[in-house]
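Working through the structure, step by step
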Amino acid sequence: MEFFRIHKEEFVADVTFSRPPANALSSAVLKELSALLDELEADDNVRVVLLHGEGRFFSAGADIKEFTSIASSDEATALSQNGQQVLERIERFPKPVIAAIHGAALGGGLELAMSCHIRIVSENAKLGLPELQLGIIPGFAGTQRLPRYVGFGKAAEMMLTSEPITGAEAVQWGLANKAVPEEQLLEEAKKLAKKIAQKGPISVRATLQLLNSFKEKPFQEAMREEAELFGSMFTTEDAKEGVQAFIEKRPPVFHGK
C-alpha cells in the first residue's frame, strides 16, 4: 500500500498512516483505507486494529489542494458522502479500532479519529474542526459525531470558533479515553490493544454491535437484541473455554469459535 503500513503481532494490526508531511486525507487515501479495512476484516489473525500517524501528526485534515479541483456542489457532495461511508465503516467495524493521536488531529483527521472506537491521545495534541476558517463545514460526519462525545454546547464552541483543544482537554470533555506524554503514547496504545486482543473475538464483535445499537435503536429494542446475543454466546466454544478457565483459575485461550 502507498499510504498505510501494517505490522501484525499478537492478534493486533499496528497500522501506520504515512502521507507526509501532514497525513492529509485525500480521495486516494480513502480508497486505500477502504481496501485496508477489507483486508483486516478478512484476517482471522487480526482481532484489534491500532491506527496512528507517522511524522508530526496523526492527521492534519483533508487534502485542501484537492478542494481546488472541485467544480460543482455535486462533486463536493460526492466527496463528503464517500468520506462519510469509509469512516462509518470504521465505526461499524467488527473488530475494535484504537486511534493513537499525537501532534494534531484536525478537520478530517479528527473525523477519522472520532470514527474509531477508542482514542488515546498525547497530552499536548491538538484536536479540532477548523473548517469554518476555510468558509466550509465539516463533511465527514464531524457535525454529527462531535456532539455525541462532548455535548451540544462544547461541540458548537469547537466548530464555530475553529479553536482546537489539547489532548488533556479532550479527555476532560469526553472526546478521548486517556491522555499520556507523547513519548508513552504508542506503548500505552499497544498495551491496551493487546489486552483487548486477549478477549474472545465473538463476544468482542457482539459488544461492538450492541454499542452501535445503543446509538441507533430504542432502549427496548436494543435490550431484546442484547438478550438474543447473550443467548447466542452460550453456543460458542469460546464461552465454554472462558467458563472452564475461570473455574480452573487460569487465563482463557480463545479461538473465535
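Residues numbered from 1 in each chain as written. Predicted model: local features only at pLDDT ≥ 70, side-chain atom pairs only at ≥ 80, totals over all residues. Heavy atoms only, no water.

The name that an unreviewed UniProt entry assigns to the chain is Enoyl-CoA hydratase, with the source organism given as Parageobacillus galactosidasius. Quoted straight from UniProt, the Sequence similarities (unreviewed entry) entry for the chain says "Belongs to the enoyl-CoA hydratase/isomerase family." (UniProt positions renumbered as here; feature names shortened; annotations may be inferred.)

Digging into the packing of aromatic side chains
The relative placement of two aromatic rings is captured by the distance of their centres and the angle of their planes. Tallying each qualifying case throughout the model produces 2 aromatic pairs. Summarising the aromatic geometry, the rings of Phe-4 and Phe-17 are spaced 5.0 Å apart at their centres and angled 20° between planes, so their arrangement reads as stacked. One end of the pair, Phe-4, is in strand β1 (residues 4-9); the other, Phe-17, is in strand β2 (residues 12-17), and 13 residues separate them in sequence. The same class applies to Phe-4 as to Phe-17, namely buried. If you follow Arg-47 out to its NZ or CZ, it ends over the ring of Phe-11, 3.8 Å from the centre. Residue placement shows Lys-154 over the ring face of Trp-173; its charged tip is 5.3 Å from the ring centre. (Phe/Tyr/Trp six-rings, centres within 6.5 Å; stacked < 30°, edge-to-face > 60°. Helix = DSSP H or I, 4+ residues; strand = E, 2+ residues; numbered from the N terminus. Buried < 20%, exposed > 50% of the residue type's maximum accessible area, 1.4 Å probe, protein only. Lys NZ or Arg CZ within 6 Å of the ring centre and 35° of its normal.)

Notes on the environment of Glu-228
Within the secondary structure layout, Glu-228 lies in helix α10 (residues 219-233). With relative accessibility at 59%, the residue Glu-228 sits in the exposed group. Along the primary structure Glu-228 and Pro-138 are separated by 90 residues, whereas in three dimensions their C-alpha atoms are 37 Å apart.

Looking at empty space enclosed by the protein
Counted under the stated rule, the structure contains 1 cavity of 30 Å³ or more. Estimates place the volume of the largest cavity at around 70 Å³. Lining the largest cavity are Val-15, Leu-33, Leu-36, Leu-37, Leu-40, Val-49, Leu-51, Ile-90 and Val-97. Sorting the residues of the lining of the largest cavity by element identifies α1 (27-42) and β3 (48-53) as the ones contributing at least two each. When residues in the lining of the largest cavity are grouped by element, the largest group, 4 residues, is from α1. Partitioned by chemical class, the residues of the lining of the largest cavity number 9 nonpolar, no polar and no charged. (1 Å grid on protein atoms, 1.4 Å probe; cavity = no way out; pocket = protein on both sides within 12 Å on 5 of 7 lines; lining within 4 Å. Points joined across faces, edges and corners; volume = space filled by probe spheres on them. Nonpolar A, V, L, I, M, F, W, Y, C, P; charged D, E, K, R; others polar.)

Some details on the sheet that holds strand β5 (residues 104-106)
Judged by pairing direction, the sheet is mixed, and its 3 strands sit side by side in the order β5-β7-β8 without closing on themselves. Pairing within the sheet leaves two strands with one partner each, and these edge strands are β5 and β8 (165-166). Across the face of the sheet, helix α4 (residues 108-115) comes into contact with β5 and β7 (126-128) while running at roughly 95° to β5. (Pairing = 2+ DSSP bridges. Contact = heavy atoms within 4.5 Å. Axes fitted to C-alpha atoms, helices over the stretch in contact; angles between N-to-C directions.)

Description of the domain arrangement of the chain
Domains assigned within the chain are domain 1 (2-195) and domain 2 (198-246). Computed over C-alpha atoms, the centres of domain 1 and domain 2 are 27 Å apart. Ranking the residues of domain 1 by area buried against domain 2 places Arg-47, Arg-92 and Lys-195 at the top, with a combined share of 45%. Between domain 1 and domain 2 we count 2 salt bridges in total. A salt bridge links Glu-91 to Lys-215, with the nearest nitrogen and oxygen atoms 2.9 Å apart. Grouping the amino acids of the side of domain 1 that touches domain 2 by side-chain chemistry returns 3 nonpolar, 1 polar and 7 charged. (Domains from an automatic or database assignment. Buried area = accessible area lost by both parts, 1.4 Å probe. Salt bridge = Lys/Arg side-chain N within 4 Å of Asp/Glu carboxyl O.)

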